[in-house]
Amino acid sequence: MSLNGWLQIVLFIAAVLLLAKPMGSYLTRVFERRRTFLDPLLAPCERLLYRLTGVKPEEEMRWTEYAVAMLAFSTATLVLTYAIERLQHLLPLNPQHLTGVEPALALNTAISFTTNTNWQSYVPESTMSYLTQMVGLATHNFWSAAVGLALAVAFVRGIARREAKTLGNFWVDLTRGTLWVLLPISIVFALALVSQGVVQNFRAYDTAKLVEPQHSVGTDGKTTTITTQTIAQGPVASQEAIKMLGTNGGGFFNANSAHPFENPTPLTNFLQMLSIFLIPAGLTVMLGQMVGSPKHGWAILAAMVVLWFAGTATCYWAESQANPLLHGVDQHASLTQSGGNMEGKEVRFGIANSALFAAVTTDASCGAVNGMHDSFTPLGGMVPMVNILLGEVVFGGVGAGLYGMLVFVIMAVFIAGLMVGRTPEYLGKKIEAYDIQMAMLYLLIFPLLILGFAAVAVRMPNLGLGSLANRGPHGLSEILYAYTSATGNNGSAFAGLNANTHWWNYSLAVAMFFGRFMMIVPMLAIAGNLAGKKITPASAGTFPVTTPLFTLLLTGVIVIVGALTFFPALSLGPVLEHLLLRAGHTF
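Quick caveat, the model's predicted, so the values are computed rather than measured. (Residues numbered from 1 in each chain as written. Predicted model: local features only at pLDDT ≥ 70, side-chain atom pairs only at ≥ 80, totals over all residues. Heavy atoms only, no water.)

**Points about the packing of helix α1 (residues 3–31) against helix α9 (residues 266–290)**
To keep it simple, the criterion reads: Helix axes are fitted to C-alpha atoms over the stretch in contact, other axes to C-alpha atoms as well, and angles between N-to-C directions run from 0 to 180 degrees. A helix here means a DSSP run of H or I that spans at least four residues, while a strand means a run of E at least two residues long, and both kinds are numbered starting from the N terminus. For this classification, under 35 degrees means roughly parallel, over 145 means roughly antiparallel, 65 to 115 means roughly perpendicular, and everything else is oblique. By convention the crossing between two helices is left-handed if the near helix lies anticlockwise of the far one by an angle smaller than a right angle, and right-handed if it lies clockwise. Here the term charged refers only to Asp, Glu, Lys and Arg, the term nonpolar to Ala, Val, Leu, Ile, Met, Phe, Trp, Tyr, Cys and Pro, and the term polar to all other amino acids, Gly among them.
Two numbers describe how α1 lies on α9: the axes approach to 6 Å, and their chain directions differ by 50°. The angle between α1 and α9 falls in the class oblique. Considering only the axes of α1 and α9, their crossing is right-handed. Along the lines of polarity and charge, the residues of the contact of α1 with α9 split into 20 nonpolar, five polar and one charged.

**Description of the packing of aromatic side chains**
For clarity, the threshold we go by: Only centres within 6.5 Å qualify two rings of Phe, Tyr or Trp (six-membered ring in Trp) as a pair; their planes then separate them into stacked at under 30 degrees, edge-to-face at over 60, and tilted for everything else. For every residue, the accessible area (1.4 Å probe, protein chains only) is compared with the maximum for its type, and the residue is labelled buried under 20%, exposed over 50%, or partly exposed between those bounds. Geometrically, a charge over a ring is one whose NZ (Lys) or CZ (Arg) sits within 6 Å of the ring centre while staying within 35 degrees of the ring normal.
A complete count under the given rule lists 25 aromatic pairs for this structure. Plain terms: the ring middles of Tyr481 and Phe494 are 4.5 Å apart, the flat faces sit at 20° to each other, and that makes the pair stacked. Here Tyr481 is found in helix α15 (residues 473–487), whereas its partner Phe494 is found in the loop between α15 and α16 (502–531), with 13 residues between them in sequence. Of the residues examined, Tyr481 reaches a relative accessible area of 0% and is grouped as buried. Three or more aromatic residues joined by ring pairs make a cluster, and in this case those are Trp6, Phe12, Phe270, Phe277, Trp308, Phe309, Tyr316 and Phe395. A cation over an aromatic ring shows up here: Arg176 above the ring of Trp180, its NZ or CZ 4.1 Å from the ring centre.

**Examining the pattern of salt bridges**
To keep it simple, the criterion reads: Within this document, salt bridges are pairs made up of a side-chain nitrogen of Lys or Arg and a carboxyl oxygen of Asp or Glu, the two lying within 4 Å of each other.
Counted under the stated rule, the structure contains 13 salt bridges. Arg176 is the salt-bridge partner of Glu46, the closest N and O atoms lying 3.1 Å from each other. One end of the pair, Glu46, is in helix α2 (residues 39–53); the other, Arg176, is in helix α7 (residues 170–195), and 130 residues separate them in sequence. The pair formed by Glu46 and Arg176 is uniform in burial state, with each residue classed as buried. Connected through salt bridges with shared partners, the residues Glu240, Lys243 and Glu262 form a single ionic network.

**A few points about a nonpolar patch on the surface**
Heads up, the condition is: Any residue with relative accessible area above 30% and no salt bridge may belong to a patch, with like charges joined within 9 Å and the nonpolar Val, Leu, Ile, Met, Phe, Trp and Tyr side chains within 5 Å. Reported accessibility uses the Shrake-Rupley method at a 1.4 Å probe radius. Residues are deemed covered only where the shown protein chains occlude them.
On the surface, Leu87, Leu90 and Leu91 cluster together into a nonpolar patch covering about 270 Å² of accessible area. Structurally, Leu91 is set in the loop between α3 (63–86) and α4 (103–114).

**So, the environment of Asn529**
Formally: Whether two residues are in contact is decided by their heavy atoms, any of which lying within 4.5 Å being enough.
Within the element layout of this structure, Asn529 appears in helix α16. Look at Asn529 and you get partly exposed, because its relative accessible area is 25%. C-alpha separation for the pair Asn529 and Ala15, spaced 514 residues apart in sequence, amounts to 37 Å. In contact with Asn529, other than residues within four places in its own chain, are Tyr434 and Asp435.

**Here we look at α7**
Stated formally: In this analysis, the expected span of each helix is defined as 1.5 Å times one less than the number of residues it contains. Across the chain, bend at a residue is computed as the angle between axes fitted to the seven residues ending at that point and the seven starting from it. Definition of a polar contact: a pair of N or O atoms within 3.5 Å, with one able to donate and the other able to accept a hydrogen when the atoms are protein atoms, and with sequence-neighbouring residues admitted only if both atoms are side-chain atoms.
Here α7 spans 36 Å end to end across 26 residues, near enough to the 38 Å set by a 1.5 Å rise per residue. Roughly 35° is the biggest bend found in α7, and it falls at Thr178. Regarding α7, its N-cap is Asn169, as a side-chain oxygen of that residue lies 2.9 Å from the backbone nitrogen of Trp171 further along.

Keep in mind these values describe shape, not function.
Listed below in structure tokens is the structure:
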């Protein structure tokens, strides 16, 4: 660890906190339909869209109607992306003449991008045409993020309203989130990326002659000489901007944000991390403003920052340590790691920015990577996994992080009420049995999917274990990480697992689908129930939700729930691998 590394980490979080209030205030104006500086340009577009689609913006929806509209939209866009993938060989903007994507992979990818997961079981530059990348995948980056925004706003309305039956209009929230928030910021961000050297074109791939020919020996013993290299390119910057801003994470290239065409400079690296946290941080401020308690929004943001810092510091410390099997076992410099673990990391980013990026992308359900998590130390690699296992609420995905955190808030308030022997209240609304039942359903679906699928996978020698490159505790970590990432709609991976098989494509698709939509239903049920409640005046026994004590309680509830649920699995994976590595054993 170094002073320079810590300064970069501090600078990053300072920038996030500085932008949180203006971003949150803007989100409040957008979703309360107050005037913004973009109205002269976007309001006519909004009205035209409503006329063309038959949407009546003044008509609001009950929580059940809101859920049905969201599911219908998501299903329709899923089918569209699947069709584009399967038919891409017949469609334009395919200069490489790539074939249609096979059914299992196409379904996995369509579900992946629909659910804001962006899990990629393929090499993008050799699988997806330019049209598929833009119309099938990049558009879903907008849609899935806008759906998350709409759901978060609906939940906040449920908290803010009293004796109401509706949560707003899904189609209006979806439209405003796309037009007023995601699209304009993405355009500015994409132009900034292009200025730094991120590629944006429709050219066919180039072929370059290698300065030094490479020789490889095949399984048949024959030597092959490679003299040329194919240089992939395409409309990268436009997809890169929304992949980060919308916490999507799917790379245009297989190397993702470690690729110099996606992330060429330290400035682009900083801006990409900043854009990941921008909207989730702003949503906490929006919450405080819309419910009439700004300090409550800041208290929730404080809990997120505490958990983020704990993960970042742990990962930075772990990756700064030398591999005990190399450090000090020989006098030769080639067998020492005096600077820490640089395996799987880009030299231009180093350990500090690799650890920070890993923590940010898994805290925020993004999944983009600038280093390979599979090459991290056991404890360093455990941090991204734990970030997701906590429920993707440490900032979390666009919208999804806030409504996931609010479910934990309800649990924390309920526990506080039990401690003092009073009916728990949250911002003047009594938390009753129905709310807790739905909150528990929300919290139980997550581990059921992760641990259930992982248990099945490790019991199948050919289908589940056959894709592993490592059968030891690291192999268990790879399986656990895959289902954690899929269910948490993150999309990053321990890349030692070959997930492009029928079992993995279909099982991960199911985990992604239910990890997104099955958890949304109980969340909206809570929102609908809260909207109908009366406001009870605060009393001496009311637990305040604006204090450091509340932040501490909320943080403790999140950590305890995650620890009690997943520690046994983690102890057999990364924890055991760490202990065996210290003892000199590898697998």
